[in-house]
Amino acid sequence: MTSVLSDRINQMEESATLAMAKKARELKAQGIDIISLSLGEPDFKTPKHIQEAAKASIDEGKYFAYPPVAGYQDLREAIAKKLREENKIADAKAENIVVSTGAKHSIANVFMCMINEGDEVVIFSPYWVSYAEIIKLAGGIPVTIEGSLENNFKATAKQLEEAITDKTKAIIYSSPCNPTGSVFSKEELEAIAEVVKKKENLFVIADEIYELINFTGKHASIASFPGMFERTITVNGFSKGYAMTGWRVGYICAPLFIAKACEKMQGQFTSGGTGIAQRAALAAISGDQTASKEMEKAYLNRRDLVLKLIQEIPGFKTHVPEGAFYFFPDITYFFGKSANGFTINNADDFCIYLLEKANVSLVTGEAFGAPNCVRISYAASEEELVEAMKRIKEACANLK
Ligand SMILES: Cc1ncc(COP(=O)(O)O)c(C=O)c1O
C-alpha cells in the first residue's frame, strides 16, 4: 500500500531526546520513580521580571494582533545592540535580525532558505540532533567531521578543509556545544574562519544558544571576525540562558538578503513569533542579567559535582565540559557486558538498561553522531544528580 504520509516525513528520524523524555514521562505516570537526565531543558523557572513583563504586556492589550513577521522593532533593536556590544558583531543592525519561534525554528528557516537539492552542509560532530534532519528535509546532504574524546570532541579547521567540496554550501556547529559541552576558543574559530573564507559563497551557521552558560568566561562569535559578518548566520535564543524553553523565542542575525529570505519563509509558515513571548524576550535581553548569571553559577557547581561522581564510576571516560549543561562520556567499556540476562551491545542498549534497571533516563550518543557515548544532562537539582549517579554506579557495577 502506498503511504498516505509523505516521503519527507517517513524519512525523518524522530527527535531522540524528545523520544527518551516521552518514555521517561510514561514510566513516571505508571508511578515509577524515574530521574530524567535526558532533556536539554533548564530546571529553573523563568526569572520573575521576565514573567512580569509578559503579564504587563497582556494588561497593556497592545500585543494581541499578528506581530511584524520578523519580530517587534524594539526587540530586534535590543538584540542588535547586544550583538554589537557584547558579541562585537559591529555590523549587526535591527534589519539583520529575524525573531522566530525558537532557535530550532530559526535554523529550519535558514536551511529552507539556503539549501538546494544536493547541497552539502558540514556538521561538526558530535552534533545537536535536529541539524541533520532539518538539512535533509531541505534537500541537503549532511557531511560530518568528527571530534574525538582526546580533543574534547572538537573537530578542527583542518578536518573542515578536507571535507569541503564544490557542493558545500554551509557549515554548522554549536558552541558551547550540545551534546559535549565543549567551547570553541577564539583561536579555534579564527582557524575555521580562515578556511571558510577561502571558498566563495560558503556560509557559517553559528549556533550560540548556550552562550550564557559558558564557564570559560570567554564567548567568541565568529561573525565578529574580519570578513565574516557577510558569511555568518548567528543563531541564538532565550530558551537556555533565561530558562525560557516554553516561551519559544529565538533569532538569527544574518546578512540582509538572508534575513529577508527568512522573513519571507516564516511569513508563509508562522506569521512570526508570539507577541507576548516577544515582550518577555525584550525584558530578558535588556533587563537585569543577575538571574542568568546565578543560573550559570549553579550549572558550574553541578558540573563539578557530576564530574566527581562520574570519575568514581569505573568504565566512564569523560572530558571536562566548559559550557552548556551536559556530560558526554564514552561508555564502550560496557559493550559486551551483561546483567540479569540483559547484554549491552551499544549505547542504545546502555540507555535502555539504565532506564529499566536504574530508573535514570539518559540519551544515546547515536542520536548525536557518536555511538560510543551517552549524554547526561545536569539541568537537575543536586539531590537528583547525586541520587541518579548513585543508581547509575550501582547498575554499572552489576554489568559483568
Ligand atoms: C544546540 C541547540 N540549538 C538549538 C536548540 C533549540 O533551541 P530553542 O528552544 O530556542 O528552539 C537547542 C535546544 O535544545 C540546542 O541544544
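Residues numbered from 1 in each chain as written. Predicted model: local features only at pLDDT ≥ 70, side-chain atom pairs only at ≥ 80, totals over all residues. Heavy atoms only, no water.

Naming follows an unreviewed UniProt entry, where the protein appears as Aminotransferase of Cecembia rubra. Annotation of the protein in UniProt includes, under Cofactor (unreviewed entry), the sentence "pyridoxal 5'-phosphate". Regarding the protein, the relevant UniProt record gives this comment under Sequence similarities (unreviewed entry): "Belongs to the class-I pyridoxal-phosphate-dependent aminotransferase family." (UniProt positions renumbered as here; feature names shortened; annotations may be inferred.)

**Points about the sheet that holds strand β14 (residues 374-377)**
Spatially, β9-β14-β13 is the arrangement adopted by the three strands of the open sheet, whose pairing is antiparallel. In this open sheet, the two strands that pair with only one neighbour each are β9 (326-327) and β13 (363-364). (Pairing = 2+ DSSP bridges. Helix = DSSP H or I, 4+ residues; strand = E, 2+ residues; numbered from the N terminus.)

**Re the environment of Y127**
Positionally, Y127 belongs in the loop between β3 (120-125) and α6 (130-137). Taking the C-alpha atoms as reference points, Y127 and Y378, 251 residues apart in sequence, are found 18 Å from one another. The contact partners of Y127, leaving out residues within four places of it in the chain, are A132, T144, N178, P179, A367, F368 and G369. (Contact = heavy atoms within 4.5 Å.)

**Looking at the environment of K197**
Its location among the elements puts K197 in helix α8 (residues 186-197). Distance from K197 to M244, taken between C-alpha atoms, is 35 Å for residues 47 residues apart in sequence. A distance of 3.4 Å separates a polar atom in the side chain of K197 from a polar atom in the side chain of E194. (Polar contact = N/O pair within 3.5 Å; in protein donor to acceptor, adjacent residues only side chain to side chain.)

**So, the packing of aromatic side chains**
The full count for this structure, using the stated rule, is 21 aromatic pairs. Geometrically, the ring pair formed by Y173 and F184 is edge-to-face, given 5.4 Å between the ring centres and 85° between the ring planes. Here Y173, found in strand β5 (residues 168-174), pairs with F184, found in the loop between β5 and α8; they are eleven residues apart in sequence, far enough to count as distant. Residues F238 and Y242 carry aromatic rings whose centres are separated by 5.8 Å and whose planes lie at 35° to one another, so their mutual orientation is tilted. The same class applies to F238 and to Y242, which are both buried. An aromatic cluster of three or more residues is present, and its members are F44, Y210, Y299, F325 and Y326. The ring of Y72 has R279 lying over it, and the distance from NZ or CZ to the ring centre is 5.3 Å. Here the guanidinium or amino end of K337 rests over the ring plane of Y333, the centre of that ring lying 4.6 Å away. (Phe/Tyr/Trp six-rings, centres within 6.5 Å; stacked < 30°, edge-to-face > 60°. Buried < 20%, exposed > 50% of the residue type's maximum accessible area, 1.4 Å probe, protein only. Lys NZ or Arg CZ within 6 Å of the ring centre and 35° of its normal.)

**Let's talk about the site of the ligand**
What surrounds the ligand is a group of 13 residues, the closest being A103, N178, D207, S239 and K240. Contacts to the ligand include D207, whose side-chain N or O atom sits 2.6 Å from a nitrogen atom. Burial of the ligand by the protein amounts to 93% of the accessible area it has alone, namely 390 Å². Among the residues forming the shell around the ligand, the class breakdown is five nonpolar, four polar and four charged. (Near = heavy atom within 4 Å. Areas by Shrake-Rupley, 256 points an atom, 1.4 Å probe, with all protein chains shown as cover. Nonpolar A, V, L, I, M, F, W, Y, C, P; charged D, E, K, R; others polar.)

**Topic: the domain arrangement of the protein**
Along its sequence, the protein is carved into domain 1 (2-45 + 291-397) and domain 2 (63-286). If you average the C-alpha positions of domain 1 and of domain 2, the two centres end up 25 Å apart. Across the contact, 37 residues belong to domain 1 and 33 residues belong to domain 2. Carbon and sulfur atoms make up 62% of the area that domain 1 and domain 2 hide from each other, which totals about 2,700 Å². Of all residues in domain 1, the largest losses of buried area upon contact with domain 2 belong to H319, E322 and F368, amounting jointly to 23% of the total for that side. Linking domain 1 with domain 2 are zero salt bridges, by the criterion used here. Our count for the contact surface shared by domain 1 and domain 2 stands at 14 residue pairs in polar contact (both at pLDDT 80 or more). Counting residues per element, the ones that place at least two in the side of domain 1 that touches domain 2 are α2 (16-29), α11 (290-311) and β9. With six residues, α11 is the single largest residue contributor to the side of domain 1 that touches domain 2. In terms of residue class, the side of domain 1 that touches domain 2 is built from 18 nonpolar, nine polar and ten charged. (Domains from an automatic or database assignment. Buried area = accessible area lost by both parts, 1.4 Å probe. Salt bridge = Lys/Arg side-chain N within 4 Å of Asp/Glu carboxyl O.)

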